[in-house]
Amino acid sequence: MPRYRLTLEYDGGPYAGFQAQEGLPTVQGAVETAIQAFCGQRVRIAAAGRTDSGVHATGQVAHVDLEKDWPAATVMNALNAHLIREAVAVLDCVAVADDWHARFSATGRKYLYRILNRPGRPALERGRVWHVRKPLDAEAMQAGATRLIGHHDFTTFRDLACQSKSPEKTLDVATVRRVGEEVHLVFEARSFLHRQVRSMTGTLVEVGLGRWSPEDVSAALEARDRAACGPVSPSDGLYLTGVTYD
């Protein structure tokens, strides 16, 4: 059966996360419904990451096996036609080898967290940014973020419902920079624990507000205790922006 790699963009607001759930709207459910409408197949797609409710994506990757060898452009255009009423779009479609897997072949994942840092609440970007009214010190946040780079036991920043076999992960990139009225946090790693990015972001905002020092971030990491984590940031500002493959 021909296998296709799909690059997806979606607004996570209307969905109860990526993963299909009976009786709830999900990104996976929307794409699988579009596939069935296109070619009549009832299939299960696999994705690089199962984003939570409200989390967005500009570069999610999934794969699907179809019975017919369709041109990749036909698959993309047909799915987009059937997704027209959904907050999901197929940005790219490529035929891949039978043993290629959207999740298990991935060598890296990149997330962006957007914070709108101004007194006035968002109107146009509501649901797509975390609104923090008080001024944030992005340089201090970067000093704290640097403490998280490398191979660590990230138990402190791991959700209690996380199903990963080990709390140890290697964080390759953690950057914080101001972009106009926004503060952008970028994290890159081979893989992440459940809600790790939101947990790290919430902690770094405590640094930006002056409530924590960069040294406090190190202490929280070394505690290996979920209770040592700062407040977890909301899903609104989080985006899966890319997945890398060898």
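See above for the structure.
Residues numbered from 1 in each chain as written. Predicted model: local features only at pLDDT ≥ 70, side-chain atom pairs only at ≥ 80, totals over all residues. Heavy atoms only, no water.

**Concerning the side chain of D153**
Examined against the element boundaries, D153 turns out to sit in strand β7 (residues 150–153). At 2.5 Å, the side chain of D153 forms a polar contact with the side chain of T155. If we ignore the near neighbours within four places in the chain, the residues touching D153 are P167, E168, L221 and R224. (Helix = DSSP H or I, 4+ residues; strand = E, 2+ residues; numbered from the N terminus. Polar contact = N/O pair within 3.5 Å; in protein donor to acceptor, adjacent residues only side chain to side chain. Contact = heavy atoms within 4.5 Å.)

**Quick word on the pattern of salt bridges**
Between side chains of opposite charge, a pair can form when the charged atoms approach closely. Applying the stated criterion across every chain yields a total of 13 salt bridges. Close ionic contact of R128 with D11 constitutes a salt bridge, the shortest N to O distance being 2.8 Å. Here D11 lies in the loop between β1 (3–10) and α1 (27–39) and R128 lies in the loop between β5 (106–116) and β6 (130–131), a separation of 117 residues in the sequence. For R128, a relative accessible area of 33% puts it in the partly exposed group. Between R118 and E181 there is a salt bridge; the shortest N-O distance is 3.0 Å. Here the residue R118 occupies a position in the loop between β5 and β6, and E181 occupies one in the loop between β8 (168–179) and β9 (182–189), the gap between them amounting to 63 residues. Here E181 falls in the partly exposed class, since its relative accessible area comes to 45%. (Salt bridge = Lys/Arg side-chain N within 4 Å of Asp/Glu carboxyl O. Buried < 20%, exposed > 50% of the residue type's maximum accessible area, 1.4 Å probe, protein only.)

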